[in-house]
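Summary of structural features
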Amino acid sequence: MISEDDRDTAVQRLQAAYAEEHISHEELDERLHQVLTAKTRSELDSPLASLPEEKADTTSTIAAAGGRIRRRGAWRVPRFLKVESAFGRVHLDLSRAVIEHPAVDIELQLGTGRAKITVPRDAIVDFEELHTGWKDTRYKTRRSSSPGGPRIRISGTMGFGRLKIRHARR
């Protein structure tokens, strides 16, 4: 089953490819029809297969000197994400996010304050490259994880504060 968010993301990729002249108007119409009538993930992936890949080597950065950094809902997670905050709270909710890559690298550069990352149910989490100064990271691995989920690698440094990682319930 495909969510409307997945379908919307596919439509946006097709529209961007058309705007950048990677596909013709006729191809856009045909592929949009395939996306809008798709029932399975493979039917949704098929019209996107020949599109140019998004640049995987660029890093998106979310930064704030203080206050709250929050991402939730249906947001597109880049392949590389850097989160910087001198002080304040960070909450990244990946449970309903659009994750188009098999692996996502999240680099945290946090001074003080808490951080919470909610990952999809089937995600595999690796945070061995994260260095904490004051408190340990809280993470309970899932008893049973189904294969095929994204690998979430968390690295960087946290000064004073705690990182809490949890799997989404749904």
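Our subject is the structure listed above.
Overview of the structure. Just so you know, the residues in each chain are numbered from 1, in the order the chain's sequence is written. With pLDDT at 70 or above as the cut-off, local features in this predicted model cover only qualifying residues; side-chain atom pairs require 80 or more to be listed or tallied, and sums for whole chains, interfaces and linings still use all residues. Here the side-chain values reflect all heavy atoms present in the structure, with hydrogen atoms and water set aside.

Considering a positive patch on the surface
By definition, no residue in a patch forms a salt bridge, and every one has over 30% relative accessible area; like charges are joined within 9 Å, nonpolar side chains (Val, Leu, Ile, Met, Phe, Trp, Tyr) within 5 Å. Using the Shrake-Rupley algorithm and a 1.4 Å probe, accessible areas are obtained, with residue cover drawn only from the displayed protein chains. Basic side-chain nitrogens of Lys or Arg form a salt bridge, by our definition, when they fall within 4 Å of a carboxyl oxygen of Asp or Glu. For the purpose of charge, His is not counted, nor are the chain termini; Lys and Arg are scored as positive and Asp and Glu as negative. The atom standing in for a charge is NZ when the residue is Lys, CZ when it is Arg, CG when it is Asp and CD when it is Glu. Taken together, the side chains of Arg68, Arg70, Arg72, Arg89, Arg96, Arg114, Lys135, Arg138, Lys164, Arg169 and Arg170 present a region of like positive charge at the surface. Each helix is a run of DSSP H or I of at least 4 residues and each strand a run of E of at least 2, with the numbering of both proceeding from the N terminus. The residue arginine 96 is located in the loop between strand E5 (89–93) and strand E6 (98–99) in this model.

A word on the packing of aromatic side chains
Pairs were defined over the aromatic rings of Phe, Tyr and Trp, the Trp ring being its six-membered one, requiring ring centres within 6.5 Å. Orientation was assigned from the angle between planes: stacked under 30 degrees, edge-to-face over 60, tilted for the rest. Scanning all chains against the criterion turns up 1 aromatic pair. When the centroid spacing of 5.7 Å and the interplanar angle of 85° are considered together, the rings of phenylalanine 127 and tyrosine 139 count as edge-to-face. With a gap of 12 residues between them, phenylalanine 127 in strand E9 (residues 124–132) and tyrosine 139 in strand E10 (residues 138–139) connect regions that are remote in the sequence. Classification of residues uses two cut-offs on accessible area relative to the type maximum, computed with a 1.4 Å probe and protein chains only: under 20% is buried, over 50% is exposed, and between them is partly exposed. By relative accessible area, phenylalanine 127 is classed as partly exposed at 26%.

Let's talk about the packing of helix H1 (residues 4–19) against helix H2 (residues 25–37)
The geometry of a pair of packed helices is captured by two quantities: the angle between their axes and the separation between those axes. At a minimum axis distance of 10 Å, the contact between H1 and H2 shows a crossing angle of 175°. Taken together, the axis directions place H1 and H2 in an arrangement best described as roughly antiparallel. Here Arg7, Ala10, Val11, Leu14, Gln15 and Tyr18 of H1 come into contact with H2, specifically with His25, Leu28, Arg31, Leu32, Val35, Leu36 and Thr37. A fitted line through C-alpha atoms serves as each axis, taken over the contacting stretch for helices, and the angle formed by two N-to-C directions is quoted from 0 to 180°. Here is the rule for angles: anything less than 35 degrees is roughly parallel, anything more than 145 is roughly antiparallel, 65 through 115 is roughly perpendicular, and the remaining ranges are oblique. Note on contacts: a residue pair qualifies if any of its non-hydrogen atoms lie within 4.5 Å across the two residues.

Section: the sheet that holds strand E2 (residues 68–71)
Pairs of strands are assigned from DSSP output, requiring at least two bridges between the strands. Strands sit in the order E2-E5-E8-E12-E10 across an open sheet of 5 strands; the sheet is parallel. The sheet is open, and its two edges are formed by E2 and E10, each paired on a single side. Here E5 runs beside strand E8 (residues 115–119); their pairing, made up of 4 bridges, is parallel. Directly across from aspartate 93, in E8, lies its bridge partner threonine 118.

As for the pattern of salt bridges
A complete count under the given rule lists 6 salt bridges for this structure. The partner of glutamate 27 in a salt bridge is arginine 31, and the shortest N-O contact between them spans 3.5 Å. Of this pair, glutamate 27 and arginine 31 both sit in helix H2, separated by 4 residues, roughly a single helical turn. Using a relative accessible area of 12% as the deciding quantity, one classes arginine 31 as buried. Across the salt bridge formed by glutamate 84 and lysine 82, the nearest N and O atoms sit 3.3 Å from each other. Residue classification places glutamate 84 among the partly exposed positions, given a relative accessible area of 28%. By relative accessible area, lysine 82 is classed as partly exposed at 23%. Each member of the salt-bridge network shares a partner with another, and the members are Arg79, Asp105 and Arg153.

Description of the sheet that holds strand E7 (residues 103–112)
The sheet built from 5 strands is open, its strands ordered E1-E4-E7-E11-E9 with parallel pairing. Only two strands of the sheet have a single partner each, and these edge strands are strand E1 (59–64) and E9. Each strand axis lies, on average, 15° off the axis of its neighbour in the sheet, ignoring direction.

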